[in-house]
Amino acid sequence: MSGINPLLAGCLHELPRILELRDNPAVRARLLPPPTAEDAAINQEWKESIEPDLRHLLASASEIITRDLTGLKPSPRAPDCCFVTFPNTHTAAWMSALNQARLILSVLAKVDEIDMNLPYSQLKGEKVLAVIQIDAFGILLNQFVERELKPSRRAKPNHPGPKRRKKQ
Amino acid sequence: MTPSNAAGQPGVIQIVETITKSELSTPWNVVVHNDPINLMTYVTMVLMRVFGYPRAKANKMMLEVHNLGRSLVWSGGREQAEHYVHQLHGYQLLATMEKSST
């Protein structure tokens, strides 16, 4: 990922810290909602058997991108911009982490649909920074999504390709 | 449930729970609910990935979620419905399963 402007880079620096807020009760309720609206038995069974797997999924995405972000550095050709390199196999983790962060921020700052459509100048208090970060992570997430939706990108990740013989 | 060797013994009441054929065959609906934060493109991508829907169909369902608040994205057996809801939650979509009324 390259051409990351200072605002996006600043938000990315904050990403691991934001993801750590995952265990806040209100955040947890959003990230791990029950599977049914009314069936207590199914919901309880889900909590015991499925929820641990989902929690692990969320946590592992966070761990992967936190490690990747240690490589975030200024671009040699454009010092105002940054870049970070990671394998294609980490794409799912990046999308998960960016989406998690957007949801975490929205829950903690109580951002609703109206807030998301207001100009930044009309937002108040903690909502200002939260919406800016939600939008910033949304820009990055959308780049991943657009790449995934491109029809040409049907090759599986980690495809090794043909081996080349060394010249003798 | 009591063990089978308890049947017929004095003072033992055996209760057998029978799931009727109609309950087993009742389809379950998987519903995706609106969330103002999830990107529309992201929701479309997830529907394509989880259900294998073509982009046009996934996009149509995403727009239903966006405009109507919810969309019925799949209907079928309970176990498969649970599997799909599990996957959708893995992408942080708000999804539930409910017994079909039809």
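Each value, and the rule that gives it
Per chain, residues are indexed from 1 in the order of the written sequence. To read the labels, note that chains go from A and ligands from 1, taken in the order they are written. Per-residue local features are limited, in this predicted model, to residues with pLDDT of at least 70; the limit for side-chain atom pairs, both in listing and counting, is 80 or more; totals at the level of whole chains, interfaces and linings are taken over all residues. Secondary structure elements are taken from DSSP: a helix is a run of H or I of four residues or more, a strand is a run of E of two residues or more, and numbering for both begins at the N terminus. Buried residues are those with 20 or more other C-beta atoms within 10 Å of their own C-beta, exposed residues have 12 or fewer, and partly exposed residues lie in between; C-beta atoms are placed from the backbone. Residue pairs qualify as contacts under a 7 Å threshold applied to their C-beta atoms, which are placed from the backbone. What a helix should span is 1.5 Å times the count of its residues minus one. Scored from 0 to 100, pLDDT records how confident the predictor is in each individual residue. At least two bridges found by DSSP between two strands is the condition for calling them paired. Lines are fitted to the C-alpha atoms to define the axes, a helix being fitted only along its stretch in contact, and any angle between axes, read from their N-to-C directions, falls within 0 to 180 degrees.

As for the overall build of chain A
Stage number 1. Secondary structure summary: chain A contains 7 helices and 2 strands in total.
Stage number 2. Listing every helix and strand of chain A by position from the N terminus yields α-α-α-α-β-β-α-α-α.
Stage number 3. The 168 residues of chain A split such that 25% are buried.
Stage number 4. In chain A, the share of contacts with a sequence separation of at least 24, taken over all contacts with a separation of at least 6, comes to 65%.

A few points about helix α4 (residues 78-90) of chain B
Stage number 1. Taking 1.5 Å per residue as the helical rise, α4(B) with its 13 residues ought to reach 18 Å, and the 18 Å between its terminal C-alpha atoms agrees with that figure.
Stage number 2. For α4(B), the full list of buried residues reads B:A81, B:E82, B:Y84, B:V85, B:H86, B:L88 and B:H89.
Stage number 3. In this fold, the buried residues of α4(B) make contact with α4 (51-68) of chain A together with β1 (28-33), α2 (40-51), β2 (70-76) and β3 (94-99) of chain B.
Stage number 4. Two residues or fewer after α4(B) comes B:Q92, characterised by a positive phi angle close to 65°.

Structural notes on the confidence of the model for chain B
Stage number 1. Confidence in the prediction for chain B averages 86 pLDDT; 76% of positions are at 70 or higher.
Stage number 2. Complex prediction metrics read pTM 0.82 and ipTM 0.85.

Describing helix α1 (residues 6-19) of chain A
All names here are of chain A.
Stage number 1. Along its 14 residues, α1 runs 20 Å from first to last C-alpha, staying within 8% of the 20 Å computed at 1.5 Å per residue.
Stage number 2. The set of residues buried in α1 consists of C11, L12, L15, I18 and L19.
Stage number 3. Next to the buried residues of α1 lie α4, α5 (91-108) and α7 (126-149).

A closer look at the environment of A:L129
Residues and elements named next belong to chain A.
Stage number 1. Within the secondary structure, L129 is located in helix α7.
Stage number 2. L129 sits in the partly exposed class, given 15 other C-beta atoms within 10 Å.
Stage number 3. In the structure, L129 is positioned 112 residues away from R17 in sequence and 15 Å away in space, judged by C-alpha atoms.

Some remarks on the sheet that holds β3(B)
Residue and element names in this part refer to chain B.
Stage number 1. Pairing is antiparallel across the open sheet formed by 3 strands, whose spatial order is β2-β1-β3. Only two strands of the sheet have a single neighbouring strand rather than two, namely β2 and β3. Taken pair by pair, the neighbouring strands of this sheet meet at an average axis angle of 25°, ignoring direction.
Stage number 2. One ladder, built from 6 bridges, connects β1 with β3; its direction is antiparallel. Opposite N29, over in β3, you have E98 as the bridge partner.
Stage number 3. Relative to the sheet, helix α3 (residues 55-68) contacts β1 and β2, its axis offset from that of β2 by approximately 135°.
Stage number 4. Lying over the sheet, α4 contacts β1, β2 and β3, oriented at roughly 170° with respect to β3.

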